[in-house]
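The chain contents come next:
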Amino acid sequence: MASLIPATRVVVKIGSALLVDRASGDLRSDWLHALADDVAWLRGQGVDVLIVSSGSIALGRGVLKLGLNTLALEQSQAAAAVGQIRLARAYEEALTPHGITAAQVLVTLEDSADRRRYLNTRATLGTLLGLNVVPIVNENDTIATDEIRYGDNDRLAAQVAVTVGADRLVLLSDVDGFYSANPLQDPDAKRFDRIDQITPEIEAMAGDAGSGLSKGGMKTKIMAAKVATAGGCDMAITNGFAHNPLRLLQDGAPSTWFAAQDDPRTARKRWIAAMKPRGEIVIDAGAGNALDEGKSLLPAGVTGVSGRFGRGDPVLILDASRQPLGQGLARYTNVEADRIKGCRSADIEELLGYPARAALIHRDDMAL
């Protein structure tokens, strides 16, 4: 059975029903402060923590007195704009007493569908974690339309987990796991402690109904599990209503764990290696040795650039004899890469006319 410890990076998804009291529309402040205790405890164990949080629309609609009926798109966006400020402030106030800095990160589906935006998101989240910050991620409901929406934070959380290479994803929900049927309707419904593979039979057991202020039902959680486990991340569904739900999960609270199909690094490397390359980068022997040592590819070691590619596109890495060494995601366009090939990282800004990243291909975006 998986657990939160040992883990290196954990993504925690929090549903609206946990954060916001359905009757009053108020924030459940005591619960959030107890969750902050859990976050501080995990970080004390050396675990990176990211939070994917619903709640902005639920908080905003209470302030704007919009009631519990289905909102029009414009009303949802207005509620999100009002609620997001309160949500970010609530996390800041809960985490600050523990000496933890929080950051707000708003994304849409386009940010993961577009490779350039995906790399930007990955780099930003990685930098925040490196600075010991806890990112609070939410869908940018203020600007998102149906065409660019995740639609639920279960799938968003899974995408975030894969993006940052997390090894655990926890969906805190209003149910304590995955059941063979709806336990509210079927007294014989069985909860699964562990699911090693998401079969068609498992998918067929998932229903559509959400509850309260939340939008995600069990079907979205299964979809999230498929994304997370394919990306090398174990995923848990557990009831989050009690205080300190992460501690309770670690101590064996009822839950369902979905087993990762691989480790995050291997899954990412396989994904990169399977892409169709858009161009080629030829490197010298010194750069080849650096790659063998696990280092990033710097412009100084590049001797040739061919093909047409954009930032985030896959490119082949070739040695001086044009033998393939691997593949990676370029951090520059082919025009930029050709302009800075062979130069020192310190000279990139002068050559391009704007500040840019030191590596042409980062080691985390490379499959050798």
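These numbers were taken from a predicted model, which means no experiment stands behind them. (Residues numbered from 1 in each chain as written. Predicted model: local features only at pLDDT ≥ 70, side-chain atom pairs only at ≥ 80, totals over all residues. Heavy atoms only, no water.)

**Concerning the overall build of the protein**
The cut-off we apply is this: By definition, any uninterrupted DSSP run of H or I lasting at least four residues is a helix, any uninterrupted run of E lasting at least two residues is a strand, and each is numbered from the N terminus. Only C-alpha atoms enter the radius of gyration; for comparison, a globular chain is expected to reach 2.2 Å times N to the power 0.38, where N is the number of residues. Accessibility here uses a 1.4 Å probe with only protein chains present; expressed as a share of the type maximum, an area under 20% marks a residue as buried, one over 50% as exposed, and anything in between as partly exposed. Between two residues, a contact is recorded if the distance between any of their heavy atoms is within 4.5 Å. For accessible areas, the Shrake-Rupley method is used with a probe of radius 1.4 Å. Any residue's cover is judged against the shown protein chains and nothing else. Positive: Lys, Arg. Negative: Asp, Glu. His and the chain ends are not part of the count. The atoms used to mark charge sites are NZ of Lys, CZ of Arg, CG of Asp and CD of Glu.
Of the regular secondary structure elements, the protein holds 14 helices and 15 strands. For the protein, whose C-alpha radius of gyration is 22 Å, the value lies close to the compact-globule estimate of 21 Å for 368 residues. In terms of overall dimensions, the protein has C-alpha extents of about 65 × 40 × 40 Å along its principal axes. With 368 residues in all, the protein has 49% of them scored as buried. Across the protein, contacts joining residues at least 24 apart in sequence account for 72% of those joining residues at least 6 apart. Carbon and sulfur atoms make up 49% of the accessible area of the protein, which amounts to about 16,800 Å² in all. Looking at charge distribution, the protein has the averaged site of its 40 positive side-chain charges lying 3 Å from that of its 45 negative ones.

**Details of the side chain of T229**
Along the polypeptide, T229 turns up in helix α9 (residues 218–230). Look past the residues within four positions of T229 in its chain and what remains in contact with it is I198, F258, A259, A260, Q261 and D262.

**A look at the pairing of strand β10 (residues 255–258)**
This is how it is decided: A pair of strands is considered paired only if DSSP assigns at least 2 bridges between the two.
The alternating pattern of β10 places S255 and W257 on one face and T256 and F258 on the opposite face, and all of these are buried. Pairing of strand β8 (residues 194–195) with β10 involves 2 bridges; the strand directions are parallel. Bridged to I195 within β10 is F258. Strand direction decides the pairing type here: strand β9 (residues 234–239) and β10, joined by 4 bridges, are antiparallel. Note on β10: the bridge partner recorded for T238 is S255.

**Details of the packing of aromatic side chains**
Defined as follows: Aromatic pairs are defined between Phe, Tyr and Trp rings, using the six-membered ring for Trp, whenever the two ring centres lie within 6.5 Å; interplanar angles under 30 degrees are classed as stacked, those over 60 as edge-to-face, and all others as tilted.
As enumerated under the stated definition, the model contains 3 aromatic pairs in all. Arranged with centres 5.8 Å apart and planes meeting at 65°, the rings of Y118 and W271 form a pair that is edge-to-face. Taken together, the residues span a long stretch of sequence, with Y118 in helix α6 (residues 115–130) and W271 in helix α11 (residues 264–273) at a distance of 153 residues. In this structure Y118 comes out as buried when scored by relative accessible area, which is 6%. Classification of W271 by relative accessible area gives partly exposed; the value is 38%. Aromatic side chains F178 and F192 sit 5.9 Å apart centroid to centroid with 35° between the ring planes, which places their arrangement in the tilted category. One end of the pair, F178, is in strand β6 (residues 178–179); the other, F192, is in strand β7 (residues 191–192), with 14 residues separating them in the sequence. Assigned by exposure class, F178 and F192 land together as buried. An aromatic cluster of three or more residues is present, and its members are F178, F192 and F258.

**Quick word on the environment of D193**
Note the threshold: Polar contacts, as counted here, are pairs of nitrogen or oxygen atoms within 3.5 Å of one another; within protein the pair requires one atom able to donate a hydrogen and one able to accept it, and residues that are adjacent in sequence qualify only if both atoms are side-chain atoms.
With respect to the secondary-structure elements, D193 resides in the loop between β7 and β8. Judged by its relative accessible area of 42%, D193 falls in the partly exposed class. The sequence separation of D193 and A267 amounts to 74 residues, and the corresponding C-alpha distance is 24 Å. Within the local environment of D193, its side chain forms a polar contact with the side chain of R191, the two groups lying 2.8 Å apart.

**Side note on the sheet that holds strand β5 (residues 168–173)**
Inclusion rule: Note on geometry: axes are C-alpha line fits, over the in-contact stretch for helices, and angles between N-to-C directions span 0 to 180 degrees.
Taken together, 8 strands build an open sheet; the order of strands is β3-β4-β2-β1-β5-β9-β10-β8 and the sheet is mixed. If you trace the sheet from one side to the other, it starts and ends with β3 (101–107) and β8, each paired once. Running over the sheet, helix α2 (residues 29–44) touches β1 (9–14), β2 (48–53), β4 (133–139) and β5 and is turned about 150° from β2. Along the sheet, helix α4 (residues 73–95) makes contact with β1, β2, β3 and β4, crossing β4 at roughly 160°.

**Considerations on the pattern of salt bridges**
Between side chains of opposite charge, pairing is possible as soon as their charged atoms come close. Formally: Whenever Lys or Arg places a side-chain nitrogen within 4 Å of a carboxyl oxygen from Asp or Glu, that contact is recorded as a salt bridge.
Here the structure, examined in full by the defined rule, presents 17 salt bridges. Note that K226 is salt-bridged to E203, the shortest N-O span being 3.4 Å. Taken together, the residues span a long stretch of sequence, with K226 in helix α9 and E203 in helix α8 (residues 200–205) at a distance of 23 residues. R278 is the salt-bridge partner of D313, the closest N and O atoms lying 3.5 Å from each other. Residue D313 is found in the loop between β12 (302–307) and β13 (314–318), and its partner R278 is found in the loop between α11 and β11 (279–283); the two are separated by 35 residues along the sequence. For D313, a relative accessible area of 11% gives the class buried. Look at the salt bridges and you will find they share partners, linking R122, R268, R331 and D365 into a network.

Read these as layout, nothing more, since geometry by itself doesn't imply function.
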